[in-house]
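# Chain and residue survey
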Amino acid sequence: MSKQNVTCIERVMSKSTGLNRTMKMKAAVMTGIGGTIGTGLFLSSGDVLATAGPIGAIVLYIIGGFIAWTMTCCLGELSAAMPVAGSLQAYSTEFCGPALGFTIGWVNWVGGAATISAQVVASAIIMRDIIPGSPTWVWIVAFAVLLFGVNLLDAKLFGNISFWVSTIKVLMIAAFLIVGGAMAFGGFGSEGAAITHESLGTGGVSFTAMCACVLTAFYAYAGTEIVAATAGELEDEKKMGKAINLTIGILIAAVVLSIAIVCLLLPADQADVLGSPFVYVFRNAGMNGAALVVNLVVLSSALTSGNYFVYGCSRYLWSLAKFNQAPKIFAKTSKKGVPVNALIVSMLFGMAAILAEFIAEDSVYLFIVYFIGGGNIFMYSVICISQYRFRKRYIAEGGKLEDLPYKTPLFPLVPVLGVLSFLAMLVATLTDPGEVKGIVVCAIMYTAIYIGARIYVKKKGGEAVNIDL
């Protein structure tokens with residue numbers, strides 16, 4: 001077959017041997033839900049409630065869920081049509097250019113390493129809430145050493161319990177909705193009902209206040225792309241649409257309803273990110289045992305998430321080095337097959353969390369969330385653009401819509417709305433000095449990476465990195 005007759009799908013698929021289709025739809029949905037629900041909901045929501053107020057917080061989480069749906073639908077079509085490992089970089093390389101694909105590879109690594117830092121800080125915050133007065137740096141160092149040691153010796157140690165931790169998180173949300181609903185509407189804890197009407201009825205809705213925490217609110221949905229990334233492994237690829245809609249529907253319902261219960265039971269002026277607002281609800285009701293259980297669930301969630309990103313980041317940097325997009329030193333592995341150098345650098349980047357000892361830990365945590373949010377705006381916009389260009393090229397190459405395993409609904413409206421929504425988020429962040437700092441640092445770093453990528457690609461050419469984590 002001549003080069004000019006090779007389709008975009010064949011070109012992308014040539015970078016990978018493909019993935020095995022053995023995953024059940026319910027497993028894909030659970031992967032998306034469990035991989036998304038975490039400290040973005042359990043901890044960061046305190047900042048959203050305190051800043052935007054009860055009504056503003058609920059509105060933000062509804063809007064955030066819709067925006068996440070647009071991006072996930074776009075990635076679902078790409079993943080179902082071209083199920084390759086290292087998919088984000090493969091798609092952006094093919095449909096947006098090698099330099100941008102190169103950049104996306106590094107954005108993934110930097111964002112993942114920053115998430116390690118965020119999860120370590122979150123874990124330290126939870127421990128300080130459990131043991132008041134304990135030094136932040138002690139927990140940060142302890143958890144960093146734990147994550148490093150586990151990945152150095154046996155990376156599967158935490159991985160084997162990730163499914164059960166995800167299950168516990170979902171069960172905790174369900175239990176919180178039942179118990180919290182009973183507290184709010186008079187089932188028990190009459191004091192909760194009194195707080196309900198006072199807290200929900202005050203403050204109104206401030207657009208400026210909502211803009212000041214838009215990145216924090218959307219952080220609750222960071223990771224929804226995981227369900228779309230399973231498209232290449234679904235046993236029945238035609239169920240991709242149902243899996244995406246179920247995942248996003250359950251996430252929006254779980255997030256919005258749980259936040260609504262928190263808003264009913266916790267006055268906004270009592271919320272912060274120095275502890276979980278879910279914990280504060282039970283603590284205010286005198287249910288200290290339940291508060292401790294919630295804290296332990298949030299802690300396990302943060303640590304398992306941190307472990308995933310330590311494992312993923314070290315392998316991602318290793319893969320970049322294997323494809324000459326990072327220094328060769330990171331391609332070296334130990335006798336056990338662990339990319340030690342890549343692991344060390346990923347952990348050192350994550351150790352930026354130690355700043356929480358010298359700067360207020362809530363300020364450090366929020367800055368990292370803003371930084372990650374800036375990267376997500378960029379990366380998710382590229383996903384929507386890639387899907388738009390893929391569909392146009394697929395049709396131009398003679399492809400038939402009915403042959404696509406999954407089609408993004410309402411094309412081209414959904415990808416266009418996705419890009420416009422992320423641009424609106426970016427504009428909204430410019431109204432808040434705290435978010436601006438994270439966005440500026442993010443923009444400078446990724447612009448520098450893109451310029452370096454342009455130079456690299458011009459000299460050596462570029463192709464998608466085939467990564468299978």
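Parameters at a glance
Residues numbered from 1 in each chain as written. Predicted model: local features only at pLDDT ≥ 70, side-chain atom pairs only at ≥ 80, totals over all residues. Heavy atoms only, no water. Helix = DSSP H or I, 4+ residues; strand = E, 2+ residues; numbered from the N terminus. Buried < 20%, exposed > 50% of the residue type's maximum accessible area, 1.4 Å probe, protein only. Contact = heavy atoms within 4.5 Å. Areas by Shrake-Rupley, 256 points an atom, 1.4 Å probe, with all protein chains shown as cover. Salt bridge = Lys/Arg side-chain N within 4 Å of Asp/Glu carboxyl O. pLDDT = per-residue confidence, 0-100. Core = buried A, V, L, I, M, F, W, Y, C linked by side-chain atoms within 4.5 Å. Polar contact = N/O pair within 3.5 Å; in protein donor to acceptor, adjacent residues only side chain to side chain. Patch = residues over 30% accessible without salt bridge, like charges linked within 9 Å, V, L, I, M, F, W, Y side chains within 5 Å. Axes fitted to C-alpha atoms, helices over the stretch in contact; angles between N-to-C directions. Parallel < 35°, antiparallel > 145°, perpendicular 65-115°, else oblique. Nonpolar A, V, L, I, M, F, W, Y, C, P; charged D, E, K, R; others polar. Left-handed = near helix turned anticlockwise from the far one by under 90°. Disulfide = S-S within 2.5 Å.

## Overview of the overall build of the chain
Regarding its fold elements, the chain presents 20 helices and zero strands. Relative to its full complement of 469 residues, the chain shows a buried share of 56%. Residue pairs at least 24 apart in sequence account for 82% of intrachain contacts in the chain once pairs closer than 6 positions are excluded. Accessible surface computed for the chain: about 19300 Å², of which carbon and sulfur atoms make up 67%.

## Brief notes about the pattern of salt bridges
A pair can form between side chains of opposite charge whenever their charged atoms are brought close. According to the stated counting rule, one finds three salt bridges in the structure shown. For Arg391, the salt bridge goes to Glu77, with nearest N and O atoms at 2.7 Å. One end of the pair, Arg391, is in helix H18 (residues 361–396); the other, Glu77, is in helix H4 (residues 45–81), and 314 residues separate them in sequence. As far as burial versus exposure is concerned, Arg391 and Glu77 are alike and both buried. A salt bridge links Glu94 to Arg393, with the shortest nitrogen-to-oxygen separation between them at 2.6 Å. Taken together, the positions of Glu94 in helix H5 (residues 87–96) and Arg393 in helix H18 put the pair 299 residues apart, joining distant regions of the chain.

## Comments concerning the confidence of the model for the chain
Averaged over all residues, the pLDDT of the chain equals 81, while 85% of them reach at least 70. Put simply, helix H10 (residues 190–200) is where the chain has its lowest mean pLDDT, 45, and helix H19 (residues 413–429) is where it has its highest, 95. Contacts of residues 190–202 to residues separated by more than four positions or lying in other chains number 22 contacts, the stretch itself having pLDDT below 50. Confidence over residues 464–469 falls short of pLDDT 50; this stretch has 26 contacts with residues more than four positions distant or in other chains.

## Brief notes about the nonpolar core
Among the nonpolar cores identified, the biggest contains 150 residues, and Tyr61, Tyr365, Phe390 and Phe422 are the most heavily contacted of them. Beyond its immediate stretch of four places on either side in the chain, Phe390 contacts Cys8, Ile9, Glu77, Leu78, Ala81, Met82, Phe95 and Leu404.

## So, the side chain of Thr36
Within the fold, Thr36 resides in helix H2 (residues 25–36). Owing to a relative accessible area of 6%, Thr36 belongs among the buried residues under this scheme. Of the polar contacts made by the side chain of Thr36, one reaches the backbone nitrogen of Thr224; its length is 3.4 Å. Ignoring anything within four residues of it in the chain, the contact list for Thr36 reads Ala220, Tyr221, Ala222, Gly223, Thr224 and Leu251.

## Quick word on a nonpolar patch on the surface
Residues Tyr388, Val416, Leu420, Leu423 and Leu426 make up a contiguous nonpolar surface patch of roughly 400 Å² in combined accessible area. Take the nonpolar patch: its biggest share by element is four residues, from H19.

## Observations concerning the packing of helix H15 (residues 277–284) against helix H16 (residues 288–322)
Interhelical geometry of H15 versus H16 gives an angle of 170° and a closest axis separation of 7 Å. Taken as axis vectors, H15 and H16 run roughly antiparallel relative to one another. Contacts between H15 and H16 involve Phe278, Val279, Phe282 and Arg283 on the former and, on the latter, Asn288, Ala290, Ala291, Val294 and Asn295. Considered class by class, the residues forming the contact of H15 with H16 number six nonpolar, two polar and one charged.

## Here we look at the environment of Leu88
Among the structural elements, Leu88 can be located in helix H5. By relative accessible area, which is 16% here, Leu88 ends up buried. For the pair Leu88 and Leu75, spaced 13 residues apart in the sequence, the C-alpha separation amounts to 8.6 Å. Discounting chain neighbours no more than four positions away, the residues touching Leu88 are Leu75, Ile104, Asn108, Met379 and Ile383.

## With respect to the environment of Thr447
Relative to the assigned elements, Thr447 resides in helix H20 (residues 433–460). A relative accessible area of 43% places Thr447 in the partly exposed class. Once the C-alpha coordinates of Thr447 and Thr103 are considered, the two residues, 344 residues apart in sequence, prove to be 8.8 Å apart. One polar contact links the side chain of Thr447 to the main-chain carbonyl oxygen of Ala443, over a distance of 2.6 Å.

## Describing unusual backbone geometry
Here Phe411 and Pro412 are connected by a cis peptide whose omega angle stands at 5°. With respect to the helices and strands, the residue Pro412 is situated in the loop between H18 and H19.

## Points about the packing of H18 against H20
At their nearest, the axes of H18 and H20 sit 8 Å apart, and the two run at 50° to each other. The angle between the axes of H18 and H20 places the two elements in the oblique class. Of the two possible hands of crossing, H18 and H20 adopt the one that is right-handed. Here Phe367, Tyr370, Phe371, Gly374 and Gly375 of H18 lie close against H20, whose contacting residues are Gly434, Glu435, Lys437, Gly438, Ile439, Val441, Cys442, Met445 and Tyr446.

## Some words on the state of the cysteines
All told, the structure shown has zero disulfides when counted by the stated rule. Free of any disulfide, Cys73 has its nearest cysteine sulfur in Cys74, 7.0 Å distant. No disulfide involves Cys74; its nearest neighbouring cysteine sulfur is the one of Cys384, lying 4.0 Å away. Using a relative accessible area of 0% as the deciding quantity, one classes Cys74 as buried.

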